[in-house]
Amino acid sequence: MLGDYQRMSKAEFDPRVLDRVKEVRDRMHDAGRLLPREAIESYFAQFRAKYGPDALQRLDGVALLEGMHGRKNRDSLMYWLEFKNDDEFAAPEFGSIAGGSALKFGLYERAGTGEWVAGAARAQKQISREEAIHTARLQRDELLAAVKILNGLGPIGTFDPEGVNFDVLDGDLRLAMPGLYDSGWSHKYLALIFPDRIDEFHSLLYQRFHHVRLLLMPPEGRFKASQAFIALARILGEPVQRITAVLKELHGGPYSYWRLGTVIDGQSGWESMRKGGYAAVGWSSLGDLTDVAVGELDKDSWESRFAEHYAHEHAPTESNQRRQLLDFIRNAQERDIVVAVDGQRVLGIGSIRGQYEYHLERKPFVNARPVDWHNEDSWKLEEGVRTTFRAVKAVGNWLIIEQYLFERSIQPVRRSILTTAAALPVLEPLVARVERVLRRKGQVILYGPPGTGKTYWGERAVFELASRAWFDRAFDPRDGTSRTTLMQAGAVEMCSFHPAYGYEDFLEGYRPRTRLDSGVMSFELRDGVFKRLCSRASGDPQRPFYLLIDEINRGDIPRIFGELLSALEWDKRGKNFTLPLSERSFTVPGNVFVVGTMNTADRSIALLDAALRRRFGFVELMPSGEPLRTAVVAGIPLGAWLVALNRRILEYVGRDARNLQIGHAYLLERGSPVSTPDRFVEVLQEDVLPLLQEYCYEDFSLLEKILGKGLVDVERKRIREGVFDPSHRQELFAALLAAFPDLGATSEVLAKIDDEEDGDSKDDERTSE
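Predicted model only: the values in this text are computed from it and were never measured. (Residues numbered from 1 in each chain as written. Predicted model: local features only at pLDDT ≥ 70, side-chain atom pairs only at ≥ 80, totals over all residues. Heavy atoms only, no water.)

Novice: Would you mind going over the packing of aromatic side chains with me for this structure?
Specialist: The description of an aromatic ring pair rests on the distance of the ring centres and on the angle between the ring planes. Using the criterion set out here, one finds 36 aromatic pairs in the structure. Ring centres of F44 and F94 lie 5.1 Å apart, and the angle between their planes is 40 degrees; on these two criteria the pair is classed as tilted. Of this pair, F44 sits in helix α2 (residues 37-51) while F94 sits in the loop between α5 (77-82) and β1 (107-109), placing them 50 residues apart in sequence. F94 shares its class with F44; the two are buried. For the ring pair W379 and Y404, a centre distance of 4.8 Å and an interplane angle of 10 degrees mean the geometry is stacked. Linking W379 in the loop between β11 (367-375) and β12 (389-391) with Y404 in helix α16 (residues 395-408), this pair joins segments that are 25 residues apart in sequence. We classify W379 as buried; its relative accessible area is 8%. By relative accessible area, Y404 is classed as partly exposed at 24%. Joined through ring pairs, the aromatic side chains of Y43, F44, F47, Y51, W80, F89, F94 and Y189 make up one cluster. (Phe/Tyr/Trp six-rings, centres within 6.5 Å; stacked < 30°, edge-to-face > 60°. Helix = DSSP H or I, 4+ residues; strand = E, 2+ residues; numbered from the N terminus. Buried < 20%, exposed > 50% of the residue type's maximum accessible area, 1.4 Å probe, protein only.)

Novice: Sorry, what's going on with the sheet that holds strand β3 (residues 123-127) here?
Specialist: Each strand in a sheet pairs with its neighbour through backbone hydrogen bonds, running either in the same direction (parallel) or in the opposite one (antiparallel). Strand order in this open sheet of three strands is β1-β2-β3, and the pairing throughout is antiparallel. Only two strands of the sheet have a single partner each, and these edge strands are β1 and β3. Across this sheet, the average inter-strand angle for adjacent strands is 30 degrees, counted without regard to direction. When strand β2 (residues 116-120) meets β3, the two strands line up antiparallel, connected through five bridges. (Pairing = 2+ DSSP bridges. Axes fitted to C-alpha atoms, helices over the stretch in contact; angles between N-to-C directions.)

Novice: Quick question: what am I supposed to make of the sheet that holds strand β14 (residues 492-496) here?
Specialist: Spatial strand order, β14-β17-β20-β13-β21: five strands in an open sheet with parallel pairing. Every interior strand has two partners, whereas the edge strands, β14 and β21 (617-620), have only one. Each strand axis lies, on average, 20 degrees off the axis of its neighbour in the sheet, ignoring direction. Running at roughly 165 degrees to strand β17 (residues 545-550), helix α21 (residues 529-538) makes contact with β14, β17 and β20 (592-599) of the sheet. (Contact = heavy atoms within 4.5 Å.)

Novice: Even after reading the chapter, I still don't get the nonpolar core, so can you show me in this structure?
Specialist: The nonpolar side chains of a soluble globular protein tend to be buried with one another. Ranked by internal contacts, the top residues of the largest apolar core, which has 76 residues, are F47 and W185. With eight residues, the top contributor of residues to this core is helix α6 (residues 129-151). (Core = buried A, V, L, I, M, F, W, Y, C linked by side-chain atoms within 4.5 Å.)

Novice: Hey, could you run me through helix α14 (residues 299-310) in this one?
Specialist: It helps to recall that an α-helix has 3.6 residues per turn; residues three or four apart then point in one direction. Here α14 is twelve residues long and its end C-alpha atoms lie 16 Å apart, about the 16 Å a rise of 1.5 Å per residue gives. Of the positions making up α14, those classed as buried are W302, R305 and F306. On an axial view of α14, the arc spanned by its buried residues comes to 95 degrees, and they lie on one face. Exposed positions of α14 whose direction lies more than 90 degrees from the buried face are D300 and E308. (Expected span 1.5 Å × (residues − 1). Arc of directions from axis to C-beta.)

Right, dumping it as structure tokens:
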């Protein structure tokens, strides 16, 4: 069999590219951030023992169906591939297939009813168990046929990628599994069985992206694409798993490439864009498009508004222009590459570093995005010549763009102290949003109902941004030393506001001091936490410094901040103010950033100073069933239950009910959903019920409408505490299901969540890693 795949062309790597990969590999190794080889082999062994080809071959009928797709016991093949993450097996370490609908597996079992569903996310169909078994058999047989082909290349560990024709191999695998060839999960299954010949990028988009970043032309075929990654692992003497981790660290996640025309009615805007660090387009008659950029304007209103100013006799032309503008102001993402052109002549290459901005003074180039321009070599881009802003679709052009960027190796001009190296992994969406607000305003408040993760995300944001700016690496929340190092270095300060917290704690004030020699007490002027941070930032202007203020609205804001209400304003940063106590000059440097958290269930939110509100940006965090989507405890789907509970709160609590919802964090422990009935009952009894009783102001008839008769005794005005006794657990869970009858169709709720998350294949690929 081996001879059938010989005569392969060798993958050629630029030596400079190899040097970069080696440098990152060595850095990650020294920091202990690469999975040990022993752990990798152990995970492989556990997976093969559980779901290797021999194990699959022995399964059939109901056992095969449950073993591959069952959702009840969290021990199916699909669970191991997508979710399992414990000492036995860590699925995320071997490439993610997360995202999209559960129907990406071909079929799924509805929890609760046990019904089987096939089809597409938006065209589901219920099938019989016999039909589901038939589908599982077809999938198993295709996997085993692919295993037979890959086995023919020799024993594990003896594979030589330079002796195999991957074009032929890819074609044979396509024929062997026509139903599974394009699926990410089958690719991951084969990569776990044959880690020396299949890569761990299970999305075609990710494979192509890392090819071009390695300055290689991406091939056609997902298994053909494995060639370069396997060869790179062999050159560096590393397992493929570790090479995948290194490339993710070096390249981050995929981004898109866009062509930008720079001429409007004969007027070129390139020089202003280049000097000002932005990209811009016209359509100036539409005015400020912030409402469109943030999604506040619905589709019909947007189309009507565009047609009012730019109606065209040819509908496709109008639709095309509208789509280009929408791509520019909303769909293009931070880190995406922009190629500025005049006709076919390339003027510069840059990366987007911020959200939409409107600048009337730049007319006609009024609609803008901040951009770091990296490269100004002149060459031809023969694609999308007649458009203003259009995605570059030819993969060959992606490669040319990356080659120009690599050759110049020019670091972007850091127009903001928050700008981080492009080689780092892409920021989590919420952290990226916090960064955008900080870049624009200098300070941000995360606000929302209790249990929505405000403090968690506030800490995550400041430590992530500080780690990238100070140490040029992503923050690992599992590494306690990284957190300690950043705080010891003075990059991050944290405090909590409360009614007794004052100006003297925050800025400066007189504090008592007793002399040890005489016992005489005196008062001395001491700097507060914010003044100390500003002093450090003034002495190190090239690096950002962060202050996290937890429960910011619990303090007397005007008293605590004093003259900072003026000094914090972004356009007043760097200006001197005289402090009234010390009579010394004080400045808030431009490299100081403040992140606050605020619980909207606290009635004191109404007292938040209006002047302070104008100076802060705000990011709202609301309850979500998504982190609990797959969690089921005692037959209760936690995500669906939380969504239903909050709907009752919105319906019955009345004024300000939106801010009084129950957050998902109450049902999470160390980032994972509670998994035992005992823990769920504790959260319900000790956290959720007291909040609801407070919201209802001892109105037990109202409380009954939210929780049902099984939990609330209206006549005696009390919670039925007896159902929380361990001997009455079944009664408690029955009462919860009776209160929320829709949860009886648990599977329908989960299926609906799956459907809402399903997007087209491109969206799934972009988020799957």
